[in-house]
Each structure stands twice: as C-alpha cells, then as structure tokens.
Amino acid sequence: MAFKEKREKVEALIYKIMDSLDKTGQNTEYYKKKFAKMNDKKFMDFFKQDFPIKFQTKVFEIDPKIEDIIYTCEQILKVPVEEPVNLPFLYRNKDGVPVKSKPSPVVYLPIKRMKQMVQKKQGFSVDISQRDYRTGQLTNFDKNGNSTDREFESLVVYGLDKTLDELATYRADAMNAKSKFYSEINAKGDVKQSEVPVENEDSVARHLISAYLLGCHINSNLINTDCYLPRTLARKNAGQRGIIRS
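Below you will find a few notes about this structure. (Residues numbered from 1 in each chain as written. Predicted model: local features only at pLDDT ≥ 70, side-chain atom pairs only at ≥ 80, totals over all residues. Heavy atoms only, no water.)

Side note on the overall build of the protein chain
- A tally of helices and strands in the protein chain yields nine helices and four strands.
- Mapped in sequence order, the helices and strands of the protein chain form the string α-α-α-α-β-β-β-β-α-α-α-α-α.
- The burial tally for the protein chain puts 22% of its 246 residues in the buried class.
- Partitioning the intrachain contacts of the protein chain with sequence separation of at least 6 by distance along the chain shows that 40% fall at a separation of at least 24.
- Looking at the protein chain as shown, the accessible area adds up to about 18,700 Å², and 56% of this sits on carbon and sulfur atoms. (Helix = DSSP H or I, 4+ residues; strand = E, 2+ residues; numbered from the N terminus. Buried < 20%, exposed > 50% of the residue type's maximum accessible area, 1.4 Å probe, protein only. Contact = heavy atoms within 4.5 Å. Areas by Shrake-Rupley, 256 points an atom, 1.4 Å probe, with all protein chains shown as cover.)

Structural notes on the environment of Val198
- With respect to the helices and strands, the residue Val198 is situated in the loop between α7 (175–188) and α8 (204–215).
- Its relative accessible area of 30% is what places Val198 among the partly exposed residues.
- When the C-alpha atoms of Val198 and Ala174 are compared, they prove to be 7.4 Å apart, with 24 residues separating the residues in sequence.
- The residues touching Val198, leaving out its near neighbours within four places in the chain, are Thr169, Tyr170, Ala174 and Ala177.

Re the nonpolar core
- Counting eight residues, the largest nonpolar core consists of Ile14, Tyr15, Met18, Tyr31, Phe35, Met38, Phe43 and Phe46.
- For this core, the elements supplying multiple residues, two or more each, are α1 (3–21), α2 (26–36) and α3 (40–46).
- No other element matches the three residues that α1 contributes to this core.
- Among residues more than four places away in sequence, those in contact with Phe43 are Phe3, Arg7, Val10, Glu11, Phe35 and Met38.
- Counting residues in hydrophobic clusters, the runner-up holds six residues, among them Ala174, Ala177, Phe181 and Val196. (Core = buried A, V, L, I, M, F, W, Y, C linked by side-chain atoms within 4.5 Å.)

Overview of α1
- Along its 19 residues, α1 runs 27 Å from first to last C-alpha, staying within 8% of the 27 Å computed at 1.5 Å per residue.
- Along α1, the residues classified as buried are Arg7, Glu11, Ile14, Tyr15, Ile17, Met18, Ser20 and Leu21.
- If you follow the buried residues of α1, they end up packed against α2, α3 and α4 (66–76). (Expected span 1.5 Å × (residues − 1).)

A word on the environment of Asn219
- Inspection of the secondary structure puts Asn219 in the loop between α8 and α9 (230–240).
- On the basis of relative accessible area, Asn219 is assigned to the partly exposed category, the value being 42%.
- As for Asn219 and Leu229, which are separated by ten residues in sequence, their C-alpha atoms are 9.7 Å apart.
- Ignoring anything within four residues of it in the chain, the contact list for Asn219 reads Asn224 and Cys227.
- Looking at Asn219, its side chain comes within polar contact range of the side chain of Asn224, at 2.9 Å. (Polar contact = N/O pair within 3.5 Å; in protein donor to acceptor, adjacent residues only side chain to side chain.)

Some points on the side chain of Ser20
- Within the secondary structure, Ser20 is located in helix α1.
- Ser20 sits in the buried class, given a relative accessible area of 8%.
- Within the structure, Ser20 has its side chain in polar contact with the side chain of Thr72 (distance 2.7 Å).
- Not counting the four nearest positions on each side in its chain, Ser20 is found in contact with Asp68, Tyr71, Thr72 and Ile76.

Some details on the environment of Asp63
- Structurally, Asp63 is set in the loop between α3 and α4.
- Distance from Asp63 to Tyr158, taken between C-alpha atoms, is 8.2 Å for residues 95 residues apart in sequence.
- Every residue in contact with Asp63, bar those within four places of it in the chain, is listed here: Lys58 and Tyr158.

Topic: the packing of helix α5 (residues 149–157) against helix α6 (residues 161–168)
- Running from N to C, α5 and α6 cross one another at 150 degrees; their axes reach a closest spacing of 8 Å. Relative to α6, the element α5 lies roughly antiparallel. For the element pair α5 and α6, the recorded crossing hand is left-handed. Across the interface between the two elements, Phe152, Leu155 and Val156 of α5 pack against Thr163, Leu164, Leu167 and Ala168 of α6.
- Tallied by class, residues from the contact of α5 with α6 come to six nonpolar, one polar and no charged. (Axes fitted to C-alpha atoms, helices over the stretch in contact; angles between N-to-C directions. Parallel < 35°, antiparallel > 145°, perpendicular 65-115°, else oblique. Left-handed = near helix turned anticlockwise from the far one by under 90°. Nonpolar A, V, L, I, M, F, W, Y, C, P; charged D, E, K, R; others polar.)

Structural data, given as structure tokens:
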C-alpha cells in the first residue's frame, strides 16, 4: 500500500473517532485543517511525538457521554472496554498464575510527567496514615492525598456523582465506612458503595464544625436530626425499643 493510501486511511480513522465523540464537528474540522498544511514528512514527524492526537473538550458543548466513549472504543477502535483483571493478592495457583476477576471496566493511564496548573501538587502521597483526627485532614507527608477543590469541581461538571461520593466519604474522613470498606475488600476483593451505606454522623470534619456551631448556640443538620444530637437520638430510639441499659 502506497504511503498516500496509508495516510488517507489514518486520517479517515481519526475523523471517524472525532465525529463519534464530538457531535459539533469542531475536533474533526481542527484536524482536517491541521493535516491539510502538512506534507508527508511533517505528517510522519507529527506522529513520532508522544500523544500526538488530543481530544479537545468544552463544558456543556463538547462533552461526550459514556455511551459515546464505549461505542467508539468497541465499534471503531475495536478495543474492549471491559476485561478480566489479575488479582494476585487474592490467590495464586501452584504455578504462580493469579486468579482473574470478572470482566470489568479498565482504563489505561499513560505515565507521564506531572504538570502543575494553578493549584499545585509537588508530589503524590501513597499512604493515609498521618491524619489530624480533630479535623479529619491528612497531614505531613500524606497531605497530598487530599482532594482539591478543583478536582471536586471537575467531578461535578462531568457528573461523576458516585466518584465524588467515594472521594468525599469512604476515601476521606468517614472512618466507620472506611473501616467497613477495607473489611469487605479484604474478605472478597471488591466492594460496592451500596453495600456500605455512610451514616450522616460518620464524618470527622462535620463533627468538628457542628461542635463549633453548637458552641455558638447554632443548631445545624450537619449531624443533628430534629435538634437531637446523634448520641441523644440513639438513646431515644433505644428507649423506644425498650433496650436502654443502666
């Protein structure tokens, strides 16, 4: 196959992918204009760089849905979205082959140099053991494990509510739910949010703020229910069931 035919085939695939993800056609038009200015040598050099093709998004305008992404991966790129994952921490047979999970969504993240934009992180924490149990915030060497406001805002914009809930509770300062999460993962290897509900009072930070507000004679619904403290409400409910202990 001549180089011209190969180039046309590559460009056609790129345009097909962009049309599938961007219904406005802006990404397709951008790359058509870009490739039209390139001779064959510049075209080859362009694809020798790391990650040459970038999909440009725009909030509420160029905002592909998950079904568009799945269709593009499976029907156009012929890349499976779900695949079995090796779970060597659960079991290995006598030959050292690990057990596999059921097919689940897998995302490959290219490892590249971190870029610092606006709100900077100079490192990345791999542990959450150093925590201020008054505020619930990670401290010292683990403080980079905190999620930033920009990260939470991005999750809200993209509608990733479940991810937002997990980062704000189970992976944050909901210590009771976190402990149950760990227990479920150690027992069977995975866990669903629906299996471990988060109680309203299960938050170190909310307890702190509520205590400050009560000190100012201000009631709130952060952890209180109908002007009852969680401890008072628990005793009230226990009394109604006739199980109060002296």
